[in-house]
Amino acid sequence: MKPASAPTDIEKKFLLSHPEWFKLVRQPLFVAVTFLVLAAFAVFLLPEKQSASPAWLYTAVVIFILLLLAWSGNVLADRGKPEILKMGVSLLLIAVLCWLFYRYSGAEWERLREFFFNFEKLKGSWWYLRNGLGVTLFLALISAVGSVLIGLIVASLRSYNSRTLNLFLKAYVDIFRSIPMIVIMVVLFFALPYAGISLGSILTTIVALSLGYGAYASESFRAGIEAVHSGQIEAARSLGLSRVQTIRMIILPQAIPVVVPPLTGNLVAMLKDTAVASVVAAPELLKKARELYTSKTNPTSLVAAAMIYLIVLIPLVRIVNMLEKRLKKESK
Amino acid sequence: MSDASTSDTMIEVVDLHKHFKDLHVLRGINMVVKRSEVVAIMGPSGGGKSTFLRCLNRLEEPSSGHIYIEGVDVMAPYIDINKVRTEIGMVFQSFNLFPHLTAIDNIKLAPMHVRRINEKEAQERAMALLEKVGVADKADAYPEQLSGGQQQRVAIARALAMQPQIMFFDEPTSALDPEMIGEVLDVMRTMATEGMTMMVVSHEMGFIREAASRVLFLADGLIVEEGTPDQIFNDSQAKRTQDFLSKIL
């Protein structure tokens, strides 16, 4: 890295101005030696949990963690070190922190496993959760269609800029964006029957999700529609296209690519929010998991439900991300 | 308004006013345009030129006054303004081509969905128009792949595809690089010689001198002066006009 010959005056102006000791710290030899020191610390100086006084124990652990962070920070912050080494150091850091937690936290690992990861108890009940997942996906799909339709219609109507109409549309959007989903569902499910309308749990969920997320979707669509240049609308109208034709053939084709990323993001959030339907006893995944929790007197089913949500949603989130990137590239 | 003596009148404007909130942009404009006339509108920016043009096909809603297109009062409540607009082609400063459609689809859209002619005929008509404006080889290109001059010529073809009786041009060359202005003006010149009725907001003196039958000088929301290009450029009577011309010449 050093210039071969003595630096010229110009070069001196641009030389890194680290102090001497700092240069030493970045040497591979120094890193290796300090690593050995840390390892020795871990093996010989860290006390057993039971054998040491609490004061000494805390001091030793805190000093060790600080040294560990300083050491890995020194490696990670060095632009000269290879990426593979940094990856190794990161993994090592995580592993050591986990090991410290395992060794000193005082958690009752056996009981934790027995309560929350007792998958033997779920034997023969997985179909129950699978049915729940089916209902969850069904609810999400129908509500997705419902909310997108509502969003599209509300946003299209708002683009007419009629003052009276906008007042009501804005009221709808604001009200449903400010009420928590759980409240919407409870009101629809428990209050509406007194008004003579009894929707049942499935329909309640679909109506609540469609209305709630329709409000969000309409905002996404509106942003997309407003992103279309006003000259586009003028050009369309000057050719004699009607308002509806202008929206359908000129505005929406340009707005939809803008709208897809936030919209799909909303739909993922909606899929998660189907879990709220368990309060109105819709037989979806979380509800089924809670039933198993009661019948087996063990919360492992909840952990299983969490894992199922993860398995379904992680790929979806990735797809949304990819869509976003693709559309960004296309619009360039 | 549509008796025999005035059948040559394409546009008649009577006491047209336009307010934007408390801004009085047009303060009573009266004007007549006859068939095959090319009327140039000049004037300082903010004088109401664009607003005036956009009021005539009600892209901007006039505050009061009357507008007759081919003798029909287009302000009347029983008039379908969309049908009136099909008779008036409009070309914008910023082209406003539809970016999600190719050049030829831009041209075919309105004939197919407003005039309801079939796709084959629309295609033929669109190709002929692209030929006419000299961008036939770019039929399948998207607007972003075209130069400004090409875009504006496609925009002219798109307006012509509706076979309008009248063409409005709102500063059609102001957004163009200098070397592309000529190609657009050439197309407009051809249209003028073919007898199209045109209203052109522009300061292209050469084009106006050569192609315009009349110049309106619009300032502060009023027609300050009107006359042939020669009268306006060489023998202007109004101080306001002289001031303006001395600045742009």
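The coordinates are above.
In short, a report on the structure. Because the structure is a prediction, the values reported are computed rather than measured.

About the criteria used
Residues numbered from 1 in each chain as written. Chains lettered and ligands numbered in written order. Predicted model: local features only at pLDDT ≥ 70, side-chain atom pairs only at ≥ 80, totals over all residues. Helix = DSSP H or I, 4+ residues; strand = E, 2+ residues; numbered from the N terminus. Buried ≥ 20, exposed ≤ 12 C-beta atoms within 10 Å, placed from the backbone. Contact = placed C-beta atoms within 7 Å. Nonpolar A, V, L, I, M, F, W, Y, C, P; charged D, E, K, R; others polar. Axes fitted to C-alpha atoms, helices over the stretch in contact; angles between N-to-C directions. Parallel < 35°, antiparallel > 145°, perpendicular 65-115°, else oblique. Left-handed = near helix turned anticlockwise from the far one by under 90°. Core = buried A, V, L, I, M, F, W, Y, C linked by C-beta atoms within 7 Å. Pairing = 2+ DSSP bridges.

Below, the discussion takes up unusual backbone geometry. Residue and element names in this part refer to chain B. Positive phi, close to 50°, is recorded for Asp-15, a residue that is not glycine. Within the fold, Asp-15 resides in strand 1 (residues 9–20). Asp-15 sits in the exposed class, given 12 other C-beta atoms within 10 Å. The phi angle at Gln-163 is positive, at roughly 50°, despite the residue not being glycine. Mapped onto the fold, Gln-163 is located in the loop between helix 5 (148–160) and strand 7 (166–170).

Contact residues are listed per partner, giving 18 residues for chain B and 15 residues for chain A. Of all the secondary structure elements, the ones that give two or more residues to the side of chain B that touches chain A are helix 2 (81–85) and helix 3 (103–113) of chain B. Of the residues that constitute the side of chain B that touches chain A, the class distribution is nine nonpolar, seven polar and two charged.

Our next topic: the packing of helix 11 (residues 230–238) of chain A against helix 12 (residues 243–273) of chain A. Residues and elements named next belong to chain A. Relative to each other, helix 11 and helix 12 sit at 155°, their axes nearing to 10 Å. Classified by the angle their axes make, helix 11 and helix 12 are roughly antiparallel. Judged by the twist between their axes, the crossing of helix 11 over helix 12 is right-handed. For the pair formed by helix 11 and helix 12, the contact residues are Gln-232, Ile-233, Ala-236 and Arg-237 on the first element and Thr-246, Ile-250, Ile-251 and Gln-254 on the second. Within the contact of helix 11 with helix 12, the residues separate by chemical class into four nonpolar, three polar and one charged.

Bringing the nonpolar core into the picture now. Core analysis: the largest hydrophobic core is formed by 113 residues, its most contacted members being Ile41(B), Ala157(B) and Phe168(B). Tallying contributions element by element places helix 10 (residues 200–227) of chain A first for this core, with ten residues. Excluding its chain neighbours within four sequence positions, the residues that come into contact with Phe168(B) are Leu53(B), Asn57(B), Ile88(B), Gly89(B), Met90(B), Val91(B) and Met199(B). Grouped together as the second largest cluster of nonpolar side chains are seven residues, Leu129(A), Leu285(A), Leu286(A) and Ala304(A) included.

Residue and element names in this part refer to chain B. Burial of strand 9 (residues 214–219) is extensive: six of the six residues sit out of reach of the surface. On strand 9, burial covers both faces: Arg-214, Leu-216 and Leu-218 on one face and Val-215, Phe-217 and Ala-219 on the other are all buried. Pairing of strand 3 (residues 38–42) with strand 9 involves four bridges; the strand directions are parallel. Each bridged residue has a counterpart across the sheet, and for Ile-41 the counterpart in strand 9 is Leu-216. Bridge count between strand 9 and strand 10 (residues 222–227): five bridges; the pairing is antiparallel. Bridged to Phe-217 within strand 10 is Glu-225. Hairpin connection between strand 9 and strand 10: a loop of two residues separates the two successive antiparallel strands, and Asp-220 in this loop has a positive phi of roughly 55°.

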